[in-house]
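Here are the chains, one letter per residue:
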Amino acid sequence: MFNIPYTKVSENAKVPEKANKGDAGLDLFATESTTLYLGVTEMVGTGISIAIPYGYCGFVLPRSSMGKRGIIIPNSPGLIDSGYRGEVKVLLLNLSDQIYKVEEGDKIGQLLVMRPEIISMDEISNLPPSVDERGVSGFGSSGK
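Keep in mind the model is a prediction, meaning the values are calculated, not measured.

Thresholds applied
Residues numbered from 1 in each chain as written. Predicted model: local features only at pLDDT ≥ 70, side-chain atom pairs only at ≥ 80, totals over all residues. Heavy atoms only, no water. 1 Å grid on protein atoms, 1.4 Å probe; cavity = no way out; pocket = protein on both sides within 12 Å on 5 of 7 lines; lining within 4 Å. Points joined across faces, edges and corners; volume = space filled by probe spheres on them. Helix = DSSP H or I, 4+ residues; strand = E, 2+ residues; numbered from the N terminus. Nonpolar A, V, L, I, M, F, W, Y, C, P; charged D, E, K, R; others polar. Pairing = 2+ DSSP bridges. Axes fitted to C-alpha atoms, helices over the stretch in contact; angles between N-to-C directions. Phe/Tyr/Trp six-rings, centres within 6.5 Å; stacked < 30°, edge-to-face > 60°. Buried < 20%, exposed > 50% of the residue type's maximum accessible area, 1.4 Å probe, protein only. Lys NZ or Arg CZ within 6 Å of the ring centre and 35° of its normal. Patch = residues over 30% accessible without salt bridge, like charges linked within 9 Å, V, L, I, M, F, W, Y side chains within 5 Å. Areas by Shrake-Rupley, 256 points an atom, 1.4 Å probe, with all protein chains shown as cover. Salt bridge = Lys/Arg side-chain N within 4 Å of Asp/Glu carboxyl O.

Enquirer: Which residues make up the layout of surface pockets, and what values do they have?
Expert: A volume near 330 Å³ is recorded for the largest pocket. Lining the largest pocket are M1, F2, N3, I4, K18, A24, G25, L26, L111, L112 and V113. Per-element tally for the lining of the largest pocket: the top contributor is strand β10 (residues 107–114), with three residues. Among the residues making up the lining of the largest pocket, the classes are represented as eight nonpolar, two polar and one charged. When its volume is computed, the second largest pocket comes out at roughly 200 Å³. Per-element accounting of the lining of the second largest pocket gives the leading share, five residues, to strand β8 (residues 87–94). The residue makeup of the lining of the second largest pocket, split by class, is nine nonpolar, two polar and two charged.

Below, the structure written as structure tokens:
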């Protein structure tokens, strides 16, 4: 376990926290109230800035309880690189058939911090064959 340094950029910011001991993600809280109209995307502030350690990254993920109401994070997962020091914000999109109110203090997403694999790209003239018959078959190739 390691600590993530943070600062509050809003007076009413709540520190991200786990709802349950075994949870992987930390809940993110809204610092502002807003109305999500049908089909509209809004950026909602959390009031915190974080310093993710070098070699790690953060993912802003949706909450299942919002998804069942038709409220999604359209860029999910939202990627936070270790060098970013601005306010963590959550994009919310209303796909439901009703107006949705976000109130200050509401849980609006989850933060998951992970260590991504360090990769480099190596250009070659031909790729090795696929381990199965898929080859270049893409979208919808495995059925409906």
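Read on for the rest.
Enquirer: Before we move on, could you go through the sheet that holds strand β5 (residues 57–61) and cite the residues and values that matter?
Expert: Taken together, the four strands give an open sheet; going across it, the order is β2-β10-β5-β7, and neighbouring strands pair in antiparallel fashion. Unpaired on one side and paired on the other, β2 (26–29) and β7 (78–80) mark the two borders of the sheet. Between one strand and the next, the sheet's axes are offset by a mean angle of 30°, whatever the strand orientation. As defined by bridge partners, β5 adjoins β7 across three bridges and the pair is classed as antiparallel. Its bridge partner being in β7, G58 is matched across the sheet by I80.

Enquirer: Break down the pairing of β5 for me, with residues and values.
Expert: In terms of strand pairing, β5 meets β10 through five bridges, oriented antiparallel. Looking across to β10, one finds that G58 is bridged to V113.

Enquirer: Residues and numbers for the packing of aromatic side chains, please.
Expert: Taken as a whole and assessed by the stated rule, the structure comprises one aromatic pair. Note on F2 and Y56: the rings are 4.7 Å apart at their centroids and 50° apart in plane angle, and the pair reads as tilted. Taken together, the positions of F2 in the segment before β1 (6–8) and Y56 in the loop between β4 (41–50) and β5 put the pair 54 residues apart, joining distant regions of the chain. Look at Y56 and you get buried, because its relative accessible area is 18%. Positioned over the ring face of F29 is K14, at 4.1 Å from the centre of the ring.

Enquirer: Outline the sheet that holds β1, supporting the account with residue identities and numerical values.
Expert: Spatially, β1-β4-β8-β6 is the arrangement adopted by the four strands of the open sheet, whose pairing is antiparallel. The open sheet has two free edges, formed respectively by β1 and β6 (71–72), since each of these has just one partner strand.

Enquirer: Run through a nonpolar patch on the surface, naming residues and quoting values.
Expert: On the surface, Y37, L38 and I99 cluster together to form a nonpolar patch covering roughly 300 Å² of accessible area. Considering the arrangement of structural elements, one finds L38 in the loop between β3 (34–36) and β4. What makes L38 partly exposed here is its relative accessible area of 46%.

Enquirer: Outline the pattern of salt bridges, listing residues and values.
Expert: As enumerated under the stated definition, the model contains two salt bridges in all. As a salt-bridge pair, R63 and D27 come within 3.9 Å of each other at their nearest N and O atoms. With R63 in the loop between β5 and α1 (64–67) and D27 in strand β2, the pair connects residues that are 36 residues apart, well separated along the chain. Given a relative accessible area of 6%, D27 falls into the buried group. Ionic pairing is found between D27 and K107, a salt bridge with its closest N-O pair at 3.2 Å. Taken together, the positions of D27 in strand β2 and K107 in strand β10 put the pair 80 residues apart, joining distant regions of the chain. What emerges from the salt-bridge pattern is a single network uniting D27, R63 and K107.

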